[in-house]
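Inside the fold
Next come the chains, spelled out residue by residue.
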Amino acid sequence: MVWIPQIPDLVDRLGAAELADALRDPASATVPVALDDPEAGRISGAGVLAAWLAVQDTWRAERKVEIEEVATTFGDGRAVGEWVVHLEGPDGERTGLPVAAAVDPASPLPVRIHHSRRPLLGRHVVRRPMLRPDPRARASDVVGAYKAAVDAGDTAAVVAAFAPDGTFRGPSGDAYRRVGTKELTELYESYFSAGGGIPLKLCTVTEDGTRSAFEYICDRWGDTELPPQPGLTVCTRGGDGLIASARVYDDVEAPVE
């Protein structure tokens, strides 16, 4: 249940001014608009969207929300924005929720919001896929090698795709951040201990030369079949061409600790 008010600005930068205006003020929309949110699901229609945005305004005020921008990736007529939403939890403690949005004006579902609900609820929630896999979707160079290694459950190949001081951040935030070869090796060895790799079915790939953002469907983890559910990962390349950071946005519950 997290709306990022900066999303319409990304739509504007993609040249879809009417869609951006509809997201800012649904009552005056001149084009159809739809988005998908981890809690609310599919939202379409001016009246429904206006009511949801009003609830969001209240929620952000009650939670004392501050939004930190992380990065934006533009490519192939699409943008992927990343933020950390700093908010007050039910216990009064501040927490940081990583949120990403794929903005795709040419799609019937032009705004797709990705985040875990675990930091908000204390548990994962299965979410239905928003897109179908696209067999033509491919991540390039080192990111493609990383994705193939994750599919195969090859820890050595995964870690080789990262710079020596590369970082991984899970969907629940900095508490699940791992840095460097040793920590990454331990992380992926634990991930693959469930019987093998995590084959991700790609839906979109957005690349700008520095970052690769890919949306996917996950329906298996090692030997464990999972309900099909969506996610998004962003990999940033460093100056050496290796992955400097990988950030994951999904609510997939691992069958391992």
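Relevant structure appears above.
A short tour of the structure in this document, coming up. (Residues numbered from 1 in each chain as written. Predicted model: local features only at pLDDT ≥ 70, side-chain atom pairs only at ≥ 80, totals over all residues. Heavy atoms only, no water.)

Now for the sheet that holds strand β9 (residues 200-207). Strand order in the open sheet formed by 6 strands is β8-β7-β12-β11-β10-β9, and the pairing between neighbours is mixed. Edge positions in the open sheet fall to β8 (173-179) and β9, since each of these has one partner strand only. In this sheet, neighbouring strand axes are inclined to one another by 20 degrees on average, regardless of whether the strands run parallel or antiparallel. When strand β10 (residues 211-221) meets strand β11 (residues 224-237), the two strands line up antiparallel, connected through 10 bridges. In the strand pairing of β11, isoleucine 217 is matched with proline 230. Packing against the sheet, helix α5 (residues 141-152) makes contact with β7 (162-170), β9, β10, β11 and β12 (243-250), and its axis sits at approximately 155 degrees to β11. Contacts from helix α7 (residues 180-191) reach β7, β8 and β10, with the element oriented near 50 degrees to β7. (Pairing = 2+ DSSP bridges. Helix = DSSP H or I, 4+ residues; strand = E, 2+ residues; numbered from the N terminus. Axes fitted to C-alpha atoms, helices over the stretch in contact; angles between N-to-C directions. Contact = heavy atoms within 4.5 Å.)

What follows is about the pattern of salt bridges. A side chain of one charge can pair with a side chain of the opposite charge if their charged atoms are brought near each other. The final tally for this structure, using the stated rule, is 20 salt bridges. For arginine 117, the salt bridge is made with glutamate 39, and the minimal N-O distance between the two is 3.6 Å. On the criterion of sequence distance, the pair formed by arginine 117 in the loop between β6 (111-114) and α4 (118-121) and glutamate 39 in the loop between β1 (34-37) and β2 (41-44) is long-range, its members being 78 residues apart. A residue is classified by how much of its surface remains accessible, and glutamate 39, at 41% relative accessible area, is partly exposed. Between arginine 112 and aspartate 104 there is a salt bridge; the shortest N-O distance is 3.2 Å. Across the pair, exposure class does not vary: arginine 112 and aspartate 104 are buried alike. Each member of the salt-bridge network shares a partner with another, and the members are Asp76, Arg78, Asp104, Arg112 and Glu215. (Salt bridge = Lys/Arg side-chain N within 4 Å of Asp/Glu carboxyl O. Buried < 20%, exposed > 50% of the residue type's maximum accessible area, 1.4 Å probe, protein only.)

Counting residues in each nonpolar core, the largest one holds 33 residues, and the members touching the most others are Tyr146, Phe168 and Tyr188. Those elements that place two or more of their residues in this core are α5, α6 (155-160), β7, α7, β9, β10, β11 and β12. Ranked by the residues each element gives to this core, the list is headed by α5, at 5 residues. With near-sequence residues (within four places) excluded, tyrosine 188 lies in contact with Tyr146, Val150, Thr155, Val158, Phe162 and Phe168. In this structure, Ile4, Val11, Ala22 and Leu35 belong to the second largest nonpolar core, which totals 30 residues. (Core = buried A, V, L, I, M, F, W, Y, C linked by side-chain atoms within 4.5 Å.)

Limitation: the analysis is restricted to geometry and does not speak to function.
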